[in-house]
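# Examining the three-dimensional arrangement
Single-letter residue listing:
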Amino acid sequence: MQFAALNMLDGQVNARELPQQCSVKISHIAPATAVVGRQVDLDVAASEEICLVMEPSVRNFKGNWHRSDNVGLSLVVLLGVVACLGTFLLDGRIGFSLWDEGYLWYGVQQVLHGEVPIRDFMSYDPGRYYWAAGLLRLFHADGIVAVRAATMAFVAIGVAAGGVLVWHQSPGRDIVRFGKCALAIALLVMWAVPWWKGYDAALSVILTASLAWVLTRPSAARFFLHGVVIGVAAMIGRNHGVYGVIACLVAAPLLLLGTSKPAWRQCIPAWTAGVVLGFAPICFSLVLDHRFAAMFWDSIRFMLFEYKGTNLPLPVPWPWTMHGGGALTLSLVTQWLTGSLFVLLPLFCIVGLAVVLNGLRRERNMAHAGFVACVATAIPYLNVAFSRADVSHLAQAICPLLIGLLIFPVHDVARSMHRWLVVPLLLIVSLLITIPLHPWYQSRVQSGWRVIDVRGDKLRMSDAAAAPVEAVERLANRCIPNGSTLLAAPVWPGAYALLGVKSPVWEIYPLFPRGDGFQNQEIARLQQARPSLILIYDISVDGREDLRYAHTHPRVWEFVSANYRQIPGPDNLPGLLVYIPKSTVD
């Protein structure tokens, strides 16, 4: 059956009423035309020149992209890599923290020395450490700048994946699509703060892009590969694996509402096999390494049943709770905008799901797979933002929302409003919130920054960041003989990485309250290691007195008091308590 013309509605070709198998001969279609509905097979003479700008799922019916698409995709990926490289060159040697940054750095160092994350020291899930250690081993490096470079390399994968997703899901001319991709890349790079959390932000983008790829044309092969992505994500952070599974559970029922349903008997087993394959290294470790298995399951037991949480909670900074004493300052505006994004996150999930369901009801087909993937992935990532409601965790959860707003399915007047109001507003808000968080900007607007040697790397940092680094190095030179170590608690795990020594205890970041049994194990490790120096930064974490080290680890505190004596600490760090063995002559 051959059609001379197609019904033109709102700049789109409506193919809902076409037979399942048909051939369409087209002499010309306007560049803004898109095919909506069932996939249509085109039978076009080789001499005819056709310009199609379609939904990604039907842009090329043989499953291949046109040459212009290949060039555009290459440019998008290149732009993402260049943007990440430029960010690293700006921020890579600026700023430093013995806290979370040191937590990652120490773990990478220990993996390079043959230790296993979780089994031998408290850590994130192993994947990120082996990624960084694998790259560092190639260059025979273990410094903090090298770890930052390895992390940014992973972030580049996520940024490129986000750019590719926007390219595939954006209609219009190539120059317009490329501009939207450039904006997406800029937003993702801006929100990749702080840098040591870049793995988490990148994973949210990778999971979104992978799910969109599956929803575009569901098949057993695509479900299998998406399962592999979820399994690998779980190796880097088991919470990301859970979020990837939940996103699939949200999106899969939506496929049932369409006219073309996947072969579930093939897709579900393929997806399950992919998840198992991606997570296989951890599975093998659980079977073959009994010590790793014991510590792995114990870490889950502690979070779920003993601490009953995944993070130290903070109150949500709702915009209506912000008060500036009547003075409107840039800081107050930034806080209000940050709180507004905490409102926007769940609102996007609710409105986005309603838009998706309405589109499925009208079209009986998933015409905007990328947007569906953004909504489905944003829903579980709400847990990241609200488990500890600060801007750092907001940054880890916001990427699906950013991409979803850029590719929001709008038409007619709403399209102009989206292009000239929503998108610029999104960029302005992101600039106001994220730019002050980047070290390069901080070093330009704050005074007192200076260059400090951090284990061979010259870093420019503020006085507040330099003070603990200099204190640790000075006290170590004075109190730690060769072959000995120190205990740094509760918030300076980077002290071990800075000095290149092994922690005497398993819990290198002791923030959570622990039971007597666990503390007795740590005391036994201290008795065996006999650290020559103990540094306890006696602060109330998050302003909570119950999170002081003496309250979270009272038995270890008693051991230190009984076997060590306190000596004067640095004047510029009044909260730092310094201890040496009682038998030591100062």
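Scroll up a little and you will see the structure.
These remarks concern the structure in this document. In this text, all values refer to a predicted model and were calculated from it rather than measured experimentally.

## Examining the pairing of strand β12 (residues 576-581)
Burial within β12 is extensive, with six of its six residues counted as buried. Note: strand β10 (residues 533-537) against β12, four bridges, orientation antiparallel. Within the sheet, the bridge partner assigned to Ile 536 lies in β12 and is Leu 577. As paired elements, strand β11 (residues 564-567) and β12 share four bridges and run antiparallel to each other. Bridging across to β12, Tyr 564 finds its partner in Pro 581.

## Some words on the pairing of strand β8 (residues 457-461)
Side chains Asp 457, Leu 459 and Met 461 of β8 all project onto a buried face; the interleaved residues Lys 458 and Arg 460 project onto a face where none is buried. Two strands pair when backbone bridges link them, and strand β7 (residues 450-454) and β8 are joined in this way by five bridges, in the antiparallel orientation. Directly across from Ile 452, in β8, lies its bridge partner Leu 459. Where β7 folds back onto β8 in an antiparallel hairpin, the turn is made up of two residues, including Arg 455, whose phi is positive at roughly 50°.

## Thoughts on the sheet that holds β12
Taking strand neighbours across the sheet as the criterion, the four strands line up as β9-β10-β12-β11 in an open arrangement whose pairing is mixed. Two strands lie at the open edges of the sheet, namely β9 (486-489) and β11, each paired on one side alone. Strand-to-strand, the axes of this sheet are offset by a mean angle of 25°, without reference to chain direction. With four bridges joining them, β9 and β10 adopt parallel strand pairing. Bridge pairing in β10 links Ala 489 to Ile 536. Seen against the sheet, helix α22 (residues 554-563) touches β10, β11 and β12 and runs at an angle of roughly 80° to β11.

## Points about the packing of aromatic side chains
Counted by the stated rule, this structure contains 25 aromatic pairs. Taken together, Tyr 103, Tyr 106, Phe 121, Tyr 124, Tyr 129, Tyr 496 and Tyr 509 form an aromatic cluster joined through their ring pairs. Between the NZ or CZ atom of Arg 128 and the centre of the ring of Tyr 124, over which it lies, the distance is 4.5 Å. Across the ring face of Trp 167, the terminal group of Arg 177 is positioned such that the distance to the ring centre comes to 4.0 Å.

## Digging into helix α12 (residues 330-363)
Helix geometry: α12 is bent most strongly at Leu 347, by close to 25°. Arg 364 sits one or two positions beyond α12 and adopts a positive phi of about 55°.

## Structural notes on the environment of Ala 466
If you trace the backbone, Ala 466 turns up in helix α18 (residues 463-479). Spatially, the C-alpha atom of Ala 466 lies 9.7 Å from that of Val 454, the residues being 12 residues apart in sequence. Setting aside residues up to four positions removed in sequence, Ala 466 forms contacts with Arg 450, Ile 452 and Met 461.

## Side note on the side chain of Thr 338
Its location among the elements puts Thr 338 in helix α12. In this structure, Thr 338 is in contact with Leu 394 and Ile 433, ignoring residues within four places of it in sequence.

## Digging into the pattern of salt bridges
For the structure shown, the criterion picks out 21 salt bridges. In this structure, Glu 115 and Lys 502 form a salt bridge, with 2.5 Å as the shortest nitrogen-oxygen distance. With Glu 115 in the loop between α2 (100-112) and α3 (127-138) and Lys 502 in the loop between α19 (494-499) and α20 (516-529), this residue pair connects regions lying 387 residues apart in the sequence. Residue class for Lys 502 comes out partly exposed when judged on its relative accessible area of 43%. Here Glu 306 makes a salt bridge to Arg 301, at a shortest N to O gap of 3.2 Å. With relative accessibility at 36%, the residue Arg 301 sits in the partly exposed group. Each of Arg 119, Asp 120, Asp 289 and Arg 291 takes part in a single network of salt bridges with overlapping partners.

## Some points on helix α16 (residues 412-434)
Between its terminal C-alpha atoms α16 stretches 32 Å, which fits the 33 Å expected from 23 residues at 1.5 Å a residue. At His 418, α16 shows its largest kink, close to 40°. Looking at α16, one finds that the buried residues are His 418, Val 423, Leu 426, Val 429, Ser 430, Ile 433 and Thr 434. Those residues of α16 that are buried are in contact with α5 (174-190), α12, α14 (391-397) and α15 (399-406).

## Things to note about the nonpolar core
Counting 176 residues, the largest nonpolar core has Phe 96, Val 108, Leu 215, Val 454, Met 461, Trp 492 and Leu 533 as its most contacted members. With 13 residues, the single largest contributor to this core is helix α4 (residues 144-169). In this structure Leu 533 touches Leu 475, Ala 476, Cys 479, Ile 480, Thr 485, Leu 486, Leu 487, Val 578, Tyr 579 and Ile 580, once residues within four positions along its chain are discounted.

What counts and what doesn't
- Residues numbered from 1 in each chain as written.
- Predicted model: local features only at pLDDT ≥ 70, side-chain atom pairs only at ≥ 80, totals over all residues.
- Heavy atoms only, no water.
- Buried < 20%, exposed > 50% of the residue type's maximum accessible area, 1.4 Å probe, protein only.
- Helix = DSSP H or I, 4+ residues; strand = E, 2+ residues; numbered from the N terminus.
- Pairing = 2+ DSSP bridges.
- Axes fitted to C-alpha atoms, helices over the stretch in contact; angles between N-to-C directions.
- Contact = heavy atoms within 4.5 Å.
- Phe/Tyr/Trp six-rings, centres within 6.5 Å; stacked < 30°, edge-to-face > 60°.
- Lys NZ or Arg CZ within 6 Å of the ring centre and 35° of its normal.
- Bend = angle between axes of the 7 residues up to and from the residue.
- Salt bridge = Lys/Arg side-chain N within 4 Å of Asp/Glu carboxyl O.
- Expected span 1.5 Å × (residues − 1).
- Core = buried A, V, L, I, M, F, W, Y, C linked by side-chain atoms within 4.5 Å.

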